[in-house]
Amino acid sequence: MADSAQAQKLVYLVTGGCGFLGEHVVRMLLQREPRLGELRVFDRHLGPWLEELKTGPVRVTAIQGDVTQAHEVAAAVAGAHVVIHTAGLVDVFGRASPETIHEVNVQGTRNVIEACVQTGTRFLVYTSSMEVVGPNTKGHPFYRGNEDTPYEAVHRHPYPCSKALAEWLVLEANGRKVRGGLPLVTCALRPTGIYGEGHQIMRDFYRQGLRLGGWLFRAIPASVEHGRVYVGNVAWMHVLAARELEQRAALMGGQVYFCYDGSPYKSYEDFNMEFLGPCGLRLVGARPLLPYWLLVFLAALNALLQWLLRPLVLYAPLLNPYTLAVANTTFTVSTDKAQRHFGYEPLFSWEDSRTRTILWVQAATGSAQ
Ligand SMILES: NC(=O)C1=CN([C@@H]2O[C@H](COP(=O)(O)OP(=O)(O)OC[C@H]3O[C@@H](n4cnc5c(N)ncnc54)[C@H](O)[C@@H]3O)[C@@H](O)[C@H]2O)C=CC1
Ligand SMILES: C[C@@H](CO)CCC[C@@H](C)[C@H]1CC[C@H]2[C@@H]3[C@H](O)CC4=CC(=O)CC[C@]4(C)[C@H]3CC[C@]12C
């Protein structure tokens with residue numbers, strides 16, 4: 001009895017395990033994956049919070065490493081049953097060069113796949129993004145779409161380009177023979193804009209609001225809806241997908257799944273106010289206060305300033321032509337594919353997700369009363 005229980009213990013590797021999403025995946029695995037025997041957390045920057053996890057019943061191994069270094073990835077993957085590859089360079093603000101984004105997101109993913117093949121790891125879950133689909137450069141709305149909705153996916157920005165290519169690599173690798181001769185089983189999860197505890201952009205908006213005396217100013221029409229999903233549910237979906245890949249390999253292998261939950265469809269700014277409002281901020285204007293052409297001009301000016309100042313200083317404001325285009329284009333998903341394929345149901349209700357996020361904003365910014 002004890003022997004068979006022991007034999008079922010699995011080794012999981014989470015790349016990017018110290019990031020916003022990665023930390024939630026790590027904690028979710030420890031809470032909700034009964035077959036977990038060892039959890040390897042691989043990241044370029046290890047978080048101090050990992051130490052407290054090492055005292056629990058599951059062996060937690062922190063590995064400082066870089067996904068662009070094939071030998072470091074192979075060493076981390078060797079002996080793992082499942083890899084959840086969430087490491088990535090999330091940059092739509094021009095902080096990193098296009099080459100670096102490609103190197104981390106595409107070559108890093110290639111290294112993870114090759115490591116699985118070489119070392120005999122059979123199950124790979126990749127964190128892709130809604131950005132693989134859109135919004136496209138033409139600003140076409142994607143309204144309540146699902147994984148089969150036709151959409152002209154045209155990318156120019158390095159981040160969506162890199163995520164699209166990496167996702168393709170992962171899906172194409174499905175079925176490749178790994179060491180030992182068995183097939184690799186892969187799938188890709190595509191979160192929409194993730195929110196929740198640890199969401200840095202939410203914190204930036206909060207700080208900006210405080211600097212402006214508690215006010216934020218509407219820039220995007222309320223009618224432009226954005227798909228958002230709570231980080232705890234995204235993490236749960238990763239854990240479930242990873243768990244079910246073996247049993248449902250024929251169904252799930254090579255598939256993509258949008259990440260979704262019960263979060264309401266709203267504009268990016270109205271959605272943020274669900275959390276920032278209870279923290280004391282107010283959004284001014286039922287309509288955008290500035291005409292759209294002026295926003296386009298300011299975004300272009302920011303891009304120009306970024307380019308001019310680059311030799312001297314990194315100027316990377318939130319508003320640039322790409323972020324404006326994304327914020328100003330409706331992109332919402334409505335699907336039950338993950339439910340049908342591997343029984344996913346959101347673990348956290350909208351009310352719960354909202355409360356948790358509000359508490360985090362209050363604590364993270366010291367505004368808790
Ligand atoms: N934040 C969002 O709204 C969305 C994120 N995603 C995807 O989710 C994944 C996680 O994103 P976040 O948690 O938001 O970002 P994050 O920046 O908080 O986490 C990424 C983690 O990857 C690590 N990392 C970066 N480069 C690395 C390298 N060369 N080697 C090893 N580790 C490296 C970072 O240190 C960080 O801990 C990414 O793949 C991203 O593309 C997808 C959809 C939406
Ligand atoms: C025009 C500004 C006025 O308030 C608002 C600018 C908001 C933008 C910084 C964000 C609007 C939409 C966000 C993106 C979206 O959630 C999809 C994403 C998916 C990813 O995989 C990575 C992050 C992001 C590109 C996200 C980035 C921030 C926005 C562009």
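If you look the protein chain up in an unreviewed UniProt entry, it shows as 3 beta-hydroxysteroid dehydrogenase type 7 from Pan troglodytes. Here the protein chain is described in UniProt, under the heading Subcellular location (unreviewed entry), as follows: "Endoplasmic reticulum membrane".

S.K.: Sorry, what's going on with the site of ligand 2 here?
M.R.: With respect to spatial proximity, 18 residues lie near ligand 2, and among them S129, E131, Y159, G193 and E269 are the closest. Interatomic distance of 2.7 Å between a side-chain N/O atom of S129 and an oxygen atom of ligand 2. Between ligand 2 and the protein, one listed contact pairs an oxygen atom with a side-chain N or O atom of E269 at 2.9 Å. Protein burial of ligand 2: of its 630 Å² of free accessible surface, 89% is covered by the chains. Those elements that place two or more of their residues in the shell around ligand 2 are α7 (200-211), α10 (268-276) and α12 (321-327). Broken down by element, the residue count for the shell around ligand 2 peaks at three residues, all from α12.

S.K.: Teacher, can you tell me more about the nonpolar core here?
M.R.: Nonpolar side chains in soluble globular proteins tend to be buried together. Of all hydrophobic cores here, the largest spans 68 residues; its most connected members are Y12, L29, L39, L276 and F342. Take this core: its biggest share by element is nine residues, from helix α8 (residues 231-244). Residues F42, A80, C116 and A166 belong to the second largest nonpolar core, which totals 28 residues.

S.K.: Would you take a moment to explain the UniProt feature "domain: 3-beta hydroxysteroid dehydrogenase/isomerase" (unreviewed entry) in the protein chain for this structure?
M.R.: Per the UniProt record, "domain: 3-beta hydroxysteroid dehydrogenase/isomerase" (unreviewed entry) is annotated on residues 13-283. Spanning residues 13-283, this segment combines 38% helix with 20% strand, and its end C-alpha atoms are found 42 Å apart.

S.K.: Please explain the packing of helix α5 (residues 98-119) against helix α6 (residues 158-173) as it appears in this structure.
M.R.: Each pair of packed helices can be summarised by the angle the axes make with each other and by the distance between the axes. Here α5 crosses α6 at 10 degrees, and the two axes come no closer than 9 Å. Relative to α6, the element α5 is oriented roughly parallel. Taking contact as the criterion, the partners of P98, I101, H102, N105, V106, T109, R110 and I113 in α5 are, on α6, P158, Y159, S162, K163, L165, A166, L169, V170 and A173. Taken together, the residues that form the contact of α5 with α6 break down as 11 nonpolar, four polar and two charged.

S.K.: Looking at this structure, I do not really get the packing of aromatic side chains. What am I missing?
M.R.: The relative placement of two aromatic rings is captured by the distance of their centres and the angle of their planes. As enumerated under the stated definition, the model contains 16 aromatic pairs in all. Here a set of aromatic residues connected by ring pairs shows up, and it is made of Y195, Y230, F271, F275, F348 and W350. Here R190 stacks its cationic end above the ring of F258, 5.6 Å away from the centre of that ring. In this structure, K337 packs its charged tip against the face of Y257, placed 5.0 Å from the ring centre.

S.K.: Explain the site of ligand 1 to me, please; I cannot follow it from the model alone.
M.R.: As a structural note, the neighbourhood of ligand 1 is formed by 25 residues, with L21, D43, D66, Y159 and K163 the closest of them. Backbone polar atom of F20 to an oxygen atom of ligand 1: 2.9 Å apart, as the coordinates give it. T86 is positioned with one of its backbone polar atoms (N or O) 3.0 Å from an oxygen atom of ligand 1. Alone, ligand 1 offers 820 Å² of accessible surface; in the complex the protein occludes 85% of this. Taken together, the elements giving at least two residues each to the shell around ligand 1 come down to α2 (20-32), α6 and β8 (193-195). When grouped by side-chain class, the residues that make up the shell around ligand 1 number 10 nonpolar, 11 polar and four charged.

Conventions we followed
- Residues numbered from 1 in each chain as written.
- Chains lettered and ligands numbered in written order.
- Predicted model: local features only at pLDDT ≥ 70, side-chain atom pairs only at ≥ 80, totals over all residues.
- Heavy atoms only, no water.
- UniProt positions renumbered as here; feature names shortened; annotations may be inferred.
- Near = heavy atom within 4 Å.
- Polar contact = N/O pair within 3.5 Å; in protein donor to acceptor, adjacent residues only side chain to side chain.
- Areas by Shrake-Rupley, 256 points an atom, 1.4 Å probe, with all protein chains shown as cover.
- Helix = DSSP H or I, 4+ residues; strand = E, 2+ residues; numbered from the N terminus.
- Core = buried A, V, L, I, M, F, W, Y, C linked by side-chain atoms within 4.5 Å.
- Buried < 20%, exposed > 50% of the residue type's maximum accessible area, 1.4 Å probe, protein only.
- Axes fitted to C-alpha atoms, helices over the stretch in contact; angles between N-to-C directions.
- Parallel < 35°, antiparallel > 145°, perpendicular 65-115°, else oblique.
- Contact = heavy atoms within 4.5 Å.
- Nonpolar A, V, L, I, M, F, W, Y, C, P; charged D, E, K, R; others polar.
- Phe/Tyr/Trp six-rings, centres within 6.5 Å; stacked < 30°, edge-to-face > 60°.
- Lys NZ or Arg CZ within 6 Å of the ring centre and 35° of its normal.

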